[in-house]
Amino acid sequence: MQSRSEFGDLGMGQGGQGGQGGQGGQGGQGEDTSVRGFPSHCVAEVPSVEACGVPVKERVRGQGGKEDKSIQNSAPPSPLSPPSPLSPPSPLSPPSPPPPISALGLDVGSKRIGVAGCDRTGLIASGITTIERKYLQEDIEKIQQLVNEREVNVLVVGLPYSMDGSLGSQARQIQKFAKRLSKALKLPVEYVDERLTSYQAEQMLIAQNRSPSRNKGLIDRLAACLILQQWLDVRRSHLIMQ
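1. What to know about the overall build of the chain
Then, in step 1: Of regular secondary structure, the chain possesses five helices and seven strands.
Then, in step 2: For the chain, the α and β elements follow one another from N to C terminus as α-β-β-β-β-β-α-β-α-β-α-α.
Then, in step 3: Counting all 242 residues of the chain, 28% fall into the buried class.
Then, in step 4: Sequence-distant contacts, at least 24 apart, represent 55% of the contacts inside the chain between residues at least 6 apart.
Then, in step 5: For the chain, the accessible surface area stands at approximately 16,800 Å², while carbon and sulfur atoms represent 54% of it.

2. Side note on the pairing of strand β7 (residues 189–193)
Then, in step 1: Pairing analysis gives five bridges linking strand β6 (residues 154–159) to β7, with the strands arranged parallel. Looking at the pairing, V157 lines up with Y191 of β7.
Then, in step 2: Crossover connection from β6 via helix α3 (residues 169–185) to parallel β7: handedness right-handed.

3. Thoughts on the pattern of salt bridges
Then, in step 1: Enumeration over the complete set of coordinates arrives at six salt bridges.
Then, in step 2: With a shortest N-O distance of 3.5 Å, E138 and K142 are connected by a salt bridge. Placement of the pair is E138 and K142 together in helix α2 (residues 136–150), with a separation of four residues, close to one helical turn.
Then, in step 3: When its relative accessible area of 16% is taken as the criterion, E138 is described as buried.
Then, in step 4: You can call K142 partly exposed: its relative accessible area is 29%.
Then, in step 5: Here the salt bridges do not stand alone but share partners, grouping K134, E138 and K142 into one network.

4. Here's the deal with the sheet that holds strand β3 (residues 103–108)
Then, in step 1: Spatial ordering of the open sheet is given by β5-β4-β3-β6-β7, a layout of five strands whose pairing is mixed. Since the sheet does not close on itself, it has two edges, and those belong to β5 (125–132) and β7, each with one partner. Here the strands of the sheet are splayed against their neighbours by 25° on average, with no regard to which way each runs.
Then, in step 2: Most of the contacts of α3 go to β6, to which it runs at about 170°, and overall it touches β3, β4 (112–118), β6 and β7.
Then, in step 3: Set on the sheet, helix α5 (residues 216–241) makes contact with β3, β4, β5, β6 and β7; between it and β4 the angle comes to about 45°.

5. A word on the layout of surface pockets
Then, in step 1: Of the voids in this model, the largest pocket is the one considered here, and its volume is about 320 Å³.
Then, in step 2: What lines the largest pocket is a set of 15 residues, and nearest its centre among them are D107, G109, R112, S198 and D220.

6. A short note on the packing of α2 against α3
Then, in step 1: Between α2 and α3, the least distance of the axes is 11 Å, while the angle of their chain directions is 55°. With respect to each other, α2 and α3 are oriented oblique. Where α2 crosses over α3, the two elements pack in a sense that is right-handed. Between α2 and α3, the contacting residues are L136, D139, I140, I143, Q144 and V147 on the first element and F177, R180, L181, A184 and L185 on the second.
Then, in step 2: Along the lines of polarity and charge, the residues of the contact of α2 with α3 split into eight nonpolar, one polar and two charged.

7. A look at unusual backbone geometry
Then, in step 1: For E151, which is not a glycine, the phi torsion comes out positive at approximately 55°.
Then, in step 2: Along the polypeptide, E151 turns up in the loop between α2 and β6.

8. Overview of the pairing of β5
Then, in step 1: Bridge count for β4 against β5 is seven bridges, and the pairing is antiparallel. Following the sheet pairing, C118 is matched in β5 by A125.
Then, in step 2: Where β4 folds back on β5, the antiparallel hairpin that results is connected by six residues, among which G122 adopts a positive phi of roughly 70°.

9. Looking at the environment of D164
Then, in step 1: With respect to the helices and strands, the residue D164 is situated in the loop between β6 and α3.
Then, in step 2: A polar atom in the side chain of D164 sits 2.7 Å from the side chain of S166.

Cut-offs applied
- Residues numbered from 1 in each chain as written.
- Predicted model: local features only at pLDDT ≥ 70, side-chain atom pairs only at ≥ 80, totals over all residues.
- Heavy atoms only, no water.
- Helix = DSSP H or I, 4+ residues; strand = E, 2+ residues; numbered from the N terminus.
- Buried < 20%, exposed > 50% of the residue type's maximum accessible area, 1.4 Å probe, protein only.
- Contact = heavy atoms within 4.5 Å.
- Areas by Shrake-Rupley, 256 points an atom, 1.4 Å probe, with all protein chains shown as cover.
- Pairing = 2+ DSSP bridges.
- Right-handed = clockwise from strand over helix to strand, strands pointing away.
- Salt bridge = Lys/Arg side-chain N within 4 Å of Asp/Glu carboxyl O.
- Axes fitted to C-alpha atoms, helices over the stretch in contact; angles between N-to-C directions.
- 1 Å grid on protein atoms, 1.4 Å probe; cavity = no way out; pocket = protein on both sides within 12 Å on 5 of 7 lines; lining within 4 Å.
- Points joined across faces, edges and corners; volume = space filled by probe spheres on them.
- Parallel < 35°, antiparallel > 145°, perpendicular 65-115°, else oblique.
- Left-handed = near helix turned anticlockwise from the far one by under 90°.
- Nonpolar A, V, L, I, M, F, W, Y, C, P; charged D, E, K, R; others polar.
- Polar contact = N/O pair within 3.5 Å; in protein donor to acceptor, adjacent residues only side chain to side chain.

Given below as structure tokens:
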């Protein structure tokens with residue numbers, strides 16, 4: 001391997017040969033093929049490179065053997081496009097309304113049956129009628145007529161629990177009647193504690209300056225309304241929690 005001084009001598013020697021081949025005083029203008037002490041066959045153009053997105057081309061060889069470096073820049077890089085605006089979040093959809101319901105509330109007594117119904121939204125219960133009891137089949141037929149008219153899909157029956165939470169004889173009789181009614185109408189039955197509904201109904205009449213003893217049928221309807229409203233409220237709270 002040749003040293004750097006040898007490469008320098010070789011370049012100077014080739015310059016002298018150029019002077020012998022020229023005419024009078026032009027020998028000194030022979031081509032200097034050395035750059036920084038390297039022969040011409042060791043020098044080449046550096047191809048374009050991409051540096052940080054800007055192409056650069058470096059030319060080493062120039063006229064007169066002088067080093068010539070030029071940087072050719074292409075068009076400036078395009079500015080960054082602004083970020084697309086964020087789309088606003090979609091508003092929360094309102095909760096779906098509860099499925100339509102048609103329930104019949106029953107306050108079953110030994111002489112009368114108070115009946116209450118509700119609107120299709122299942123929000124408000126209202127008294128419908130009071131059935132004077134005669135015998136079982138006729139009671140079922142009257143309730144069946146109301147079920148067909150209102151398209152009822154569930155029966156809600158009040159049970160008079162004892163104060164200790166047990167079922168007395170009256171509550172068991174009501175359960176027996178409710179089961180036979182459910183079987184005859186082919187409808188499900190649900191029970192609600194009605195221990196204080198009759199008392200509350202009487203207090204409502206007293207607040208209206210009406211005699212409870214003269215409006216027993218109205219008390220039964222109001223008690224059925226309280227039974228059904230209690231069931232509707234519990235049902236709605238369960239739907240909200242889901």
